[in-house]
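Commentary on secondary and tertiary structure
So you can see what is in the structure, the chains are spelled out below.
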Amino acid sequence: MESWKTLARTAAQDTHSRFGQRLLGLPGTWIGLPYSKAHQLRDGSMLSDLNGISHPLREWNYWWQAHYLDAIIDDGYAYLADNDLDAAHRELQRAVELLRGIRLRNFGVFPNYFFDDMAWLALASQRLLSFSRRLDGHSSANAKQAVTTLRKQLNGAIDDVLDGGMYWSRKKDFKNAPANAPAALFFARNGERDQSRKLLSWLRARLFSIDSGLYLDGLRLVPDGHRIEDALYTYNQGPVLGALLELGSDADLEHSTMLIHASAQYLTDSTGALSLNGGGDGNLFAGILVRYLALAANDVRLDGRTRSTARTMVVATANSLVDQEPRRLSAAVQRWMIFSAAAACESDSRN
């Protein structure tokens, strides 16, 4: 089998060629189509675009684009580690064009209805900002504006209802791990450690399951109080793990260790691979956890057994996807993310 680095780069090119194109044909933009250019829905409602131009009213999956952006930045860092500066600059340019495309497609603004979506784009924009500074020595203006704008949105979604925490959407009837966990990681990376800890503490108090050692989905506000949504999803564990590693106290690392082993116990199949939640948004769930497991696998502050457990989950999940040819952008980005994570477990090239 080819190396994980080679498979990751092949998956990247496959994603760009089958799903990526200029938004409305506009120079200096990029966007991911929800379905492969070569496929359509069985009912014929998702036909290939005329002349390769994306229709502005096409299905819009804001948070898929955020992970597409994150995956591009993974490639940029990998090329930088290989001292291939031309390729690193190419990926930086593609990332800048994708962020511009996201903004234009989102009616010229970065905010949207869902705070979890905005947290994912804030994280990816934050990484783009760091990558542009490292590679070019100056900030991407669009990434800087995205971080500033989305940070304000995320802060505004936190209140004292249910003792704290962030809402999932502007409807303000649900506080959940999908919003609070990536926001906690964003704030930790932004140097706002107190805000990050507040969100992590809320998650631990309200959504942590002592029985499984994992985080449940959320608390829904109802007329007589609230109702817990107790589903266990892979992606809810990932950004919690990332935030704990970013904050990095002894207690954080201890909790990280527990979370990694609980994930291995409850979220994997007989081969050690993470369960894949197929279809639409679910196509990204395992990939999100794998991203942060790869960081753990390379974190020397964790003990050898825990790092090995994290690495095993990453590589086993990658092995399960080698022969996949995704139809949807979410699945294509996940495969690429997981191959990149497996490559990072061999050589830590990522931020």
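Below or above, wherever it landed, is the structure these notes cover. (Residues numbered from 1 in each chain as written. Predicted model: local features only at pLDDT ≥ 70, side-chain atom pairs only at ≥ 80, totals over all residues. Heavy atoms only, no water.)

1. Section: the overall build of the protein chain
On a plain count of helices and strands, the protein chain comes out with 12 helices and six strands. Relative to a compact globule of 351 residues, whose C-alpha radius of gyration would be 20 Å, the protein chain shows 19 Å and is just as compact. A principal-axis box enclosing the C-alpha atoms of the protein chain has dimensions of 55 × 45 × 45 Å. Evaluated residue by residue, the protein chain yields a buried proportion of 58% over its 351 residues. Sequence separation of at least 24 residues holds for 68% of the intrachain contacts in the protein chain that already meet a minimum separation of 6. Accessible surface computed for the protein chain: about 14,400 Å², of which carbon and sulfur atoms make up 49%. Positive and negative side-chain charges of the protein chain, numbering 39 and 39 respectively, have mean locations separated by a distance of 5 Å. (Helix = DSSP H or I, 4+ residues; strand = E, 2+ residues; numbered from the N terminus. Rg over C-alpha atoms; globule rule 2.2 N^0.38 Å. Buried < 20%, exposed > 50% of the residue type's maximum accessible area, 1.4 Å probe, protein only. Contact = heavy atoms within 4.5 Å. Areas by Shrake-Rupley, 256 points an atom, 1.4 Å probe, with all protein chains shown as cover. Lys, Arg positive; Asp, Glu negative; His and termini not counted. Charge placed at Lys NZ, Arg CZ, Asp CG, Glu CD.)

2. A closer look at the nonpolar core
Judged by nonpolar contacts, the single largest core of 110 residues is most densely connected at Leu69, Leu121, Leu128, Leu154, Met166, Leu203 and Leu293. Residues in contact with methionine 166, not counting those within four places in the same chain, are Phe115, Leu154, Ala157, Ile158, Phe174, Lys175, Asn176, Ala179, Asn180, Ala183, Phe187 and Leu199. (Core = buried A, V, L, I, M, F, W, Y, C linked by side-chain atoms within 4.5 Å.)

3. Focus on the packing of aromatic side chains
With the rule as written, the count across this model stands at 15 aromatic pairs. Measuring from ring centre to ring centre gives 6.5 Å for tryptophan 63 and phenylalanine 285, while their planes differ by 50°; the resulting arrangement is tilted. In this pair, tryptophan 63 is assigned in helix α2 (residues 62–81) and phenylalanine 285 in helix α10 (residues 285–297), connecting sequence segments 222 residues apart. Both residues of the pair, tryptophan 63 and phenylalanine 285, count as buried. Ring pairing ties together the aromatic residues Trp63, Trp120, Tyr233, Tyr235 and Phe285, which thus form one cluster. (Phe/Tyr/Trp six-rings, centres within 6.5 Å; stacked < 30°, edge-to-face > 60°.)

4. Focus on the pattern of salt bridges
This structure, assessed with the given rule, holds 18 salt bridges. One connected set of salt bridges, linked through shared partners, spans Asp70, Asp74, Arg127 and Arg291. (Salt bridge = Lys/Arg side-chain N within 4 Å of Asp/Glu carboxyl O.)

5. Here's the deal with unusual backbone geometry
Even without a glycine there, the phi angle at phenylalanine 107 is positive, about 65°. With respect to the element layout, phenylalanine 107 can be found in the loop between α3 (85–105) and α4 (115–136). Positive phi outside glycine occurs at aspartate 163, with the angle close to 70°. One can find aspartate 163 in the loop between α5 (141–156) and β3 (174–176).

6. Here we look at the pairing of strand β6 (residues 225–232)
With six bridges connecting them, strand β5 (residues 214–222) and β6 associate as antiparallel partners. Within β6, the position partnered with leucine 216 by the bridge is leucine 232. As consecutive antiparallel partners, β5 and β6 are separated by two residues. (Pairing = 2+ DSSP bridges.)

7. Here's the deal with the environment of leucine 104
Note on placement: leucine 104 falls in helix α3. Take leucine 104: its relative accessible area is 42%, and that puts it in the partly exposed class. For the pair leucine 104 and leucine 276, spaced 172 residues apart in the sequence, the C-alpha separation amounts to 32 Å. When sequence neighbours within four positions are dropped, the list of residues in contact with leucine 104 reads Leu23, Leu26 and Thr29.

8. Comments concerning the environment of glutamine 265
Relative to the helices and strands, glutamine 265 resides in helix α9 (residues 250–266). Take glutamine 265: its relative accessible area is 55%, and that puts it in the exposed class. Spatially, the C-alpha atoms of glutamine 265 and tyrosine 235 are 15 Å apart, while their sequence positions differ by 30 residues.

9. What to know about the pairing of β5
Looking at chain direction, β3 and β5 are connected through three bridges and run antiparallel. By the bridge assignment, phenylalanine 174 is partnered in β5 with arginine 220. Pairing between strand β4 (residues 208–209) and β5: two bridges, direction antiparallel. Residue pairing in the sheet places phenylalanine 208 in a bridge with tyrosine 215 of β5. If you look at the hairpin formed by β4 and β5, you'll find four residues sitting between the two strands, and glycine 213 has a positive phi there, around 75°.

10. Some points on the side chain of aspartate 217
Mapped onto the elements, aspartate 217 comes out in strand β5. As a buried residue without a salt bridge, aspartate 217 has its nearest oppositely charged side chain in arginine 220, at a separation of 6.0 Å. One polar contact links aspartate 217 to asparagine 236, side chain to side chain, over a distance of 3.1 Å. With sequence-adjacent residues up to four places away left out, aspartate 217 is seen in contact with Phe174, Asn176, Ala177, Pro178, Leu207, Glu229, Ala231, Tyr233 and Asn236. (Polar contact = N/O pair within 3.5 Å; in protein donor to acceptor, adjacent residues only side chain to side chain.)

11. Some details on α10
In this model, α10 (13 residues) spans 19 Å end to end at C-alpha, consistent with the 18 Å of a helix rising 1.5 Å per residue. In terms of residue burial, α10 counts as a mostly covered element, since 12 of its 13 residues are buried. Restricting attention to buried positions, one finds in α10 the residues Phe285, Ala286, Gly287, Ile288, Leu289, Val290, Arg291, Tyr292, Leu293, Ala294, Ala296 and Ala297. (Expected span 1.5 Å × (residues − 1).)

Worth remembering: the numbers are spatial, not functional.
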